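# Examination of the molecular architecture
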Amino acid sequence: MREIDMFNSMASGSDLGRFQAASGARPGSPAGLLPRCAATAIDLVIAVAVILVPLVGLDRILTAAGVADGEAGVIWRTTAALWVTAFFLLYSPLSVSRRGATPGKRALRLEVVHFETGERIGYGSAVARHLTNLVVTGIPVLCVANVSSMNLSKDLRGMHDKASGSAVIHRR
């Protein structure tokens, strides 16, 4: 009889107690690793499209215009370097400083805020956060440390959040 009661309480969800609160998406609560990774995946798809489509188009234009291979290569590499740099300095930092989130975070109802005040972070902090995130993600040992930092701290902040004084929360 006791086992049946245990299963009934599990089915009703009453046994989850603190786990529901910890994993719930309450407005203003810290965003966990899974929604943040999903938002990053959405942003990566957007980044690939925004970066590659114009560069493939430029390649087609240079080929159609009959530009010599050596000259076309220099034009393409220079344009690619400028385009990628502009994207990295504008997409995430502008989205975060102006709207509070990248399109991926907005799709999952997440927001980047100043850790102390809860307000949006400025462009400078958003650039620092983004560049720190790129470095941390690009170095495997730092990437593992970042994921551990997010999972083991109660505020679920990564190294890039701590460096820029930000936090990712569920939108209010």
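These remarks concern the structure in this document.

Reading guide: rules and limits
- Residues numbered from 1 in each chain as written.
- Predicted model: local features only at pLDDT ≥ 70, side-chain atom pairs only at ≥ 80, totals over all residues.
- Heavy atoms only, no water.
- 1 Å grid on protein atoms, 1.4 Å probe; cavity = no way out; pocket = protein on both sides within 12 Å on 5 of 7 lines; lining within 4 Å.
- Points joined across faces, edges and corners; volume = space filled by probe spheres on them.
- Helix = DSSP H or I, 4+ residues; strand = E, 2+ residues; numbered from the N terminus.
- Nonpolar A, V, L, I, M, F, W, Y, C, P; charged D, E, K, R; others polar.
- Expected span 1.5 Å × (residues − 1).
- Buried < 20%, exposed > 50% of the residue type's maximum accessible area, 1.4 Å probe, protein only.
- Polar contact = N/O pair within 3.5 Å; in protein donor to acceptor, adjacent residues only side chain to side chain.
- Contact = heavy atoms within 4.5 Å.

Below, the discussion takes up the layout of surface pockets. By volume, the largest pocket amounts to about 690 Å³. In terms of lining, the largest pocket is formed by 25 residues, of which the most central are Thr40, Leu44, Asn133, Leu134 and Thr137. Elements supplying a minimum of two residues to the lining of the largest pocket: α3 (33–64), α4 (69–99), α6 (123–138) and α7 (140–152). Per-element accounting of the lining of the largest pocket gives the leading share, eight residues, to α3. Considered class by class, the residues forming the lining of the largest pocket number 13 nonpolar, eight polar and four charged.

Attention now moves to α3. In an α-helix, one turn spans 3.6 residues, which is why side chains three or four residues apart end up on the same side. Between its first and last C-alpha atoms α3 spans 46 Å; for 32 residues at 1.5 Å apiece the expected length is 46 Å, and the two agree. Of the residues making up α3, those classed as buried are Arg36, Ala39, Asp43, Ala47, Ile51, Leu55, Leu58 and Leu62. The positive-phi residue at the C-terminal boundary of α3 is Gly66, with phi of around 75°.

A separate point is the side chain of Ser166. With respect to the secondary-structure elements, Ser166 resides in strand β2 (residues 166–170). Look at Ser166 and you get buried, because its relative accessible area is 0%. Side chain to side chain, Ser166 and Ser164 meet in a polar contact 3.0 Å long. Setting aside residues up to four positions removed in sequence, Ser166 forms contacts with Val112, Val113, His114, Phe115, Ile121, Arg129, Arg157, His160 and Asp161.

On to α4. The terminal C-alpha atoms of α4 lie 42 Å apart, and with 31 residues this matches the ideal 45 Å at 1.5 Å per residue to within 8%. By the burial criterion, the buried members of α4 are Ala72, Gly73, Ala80, Phe87, Tyr91, Ser92, Pro93, Ser95, Val96 and Ser97. Residues of α4 that are buried sit in contact with α3, α5 (103–107), β1 (110–114) and α6. Positive phi appears at Gly100, one or two residues downstream of α4, with a value of about 90°.

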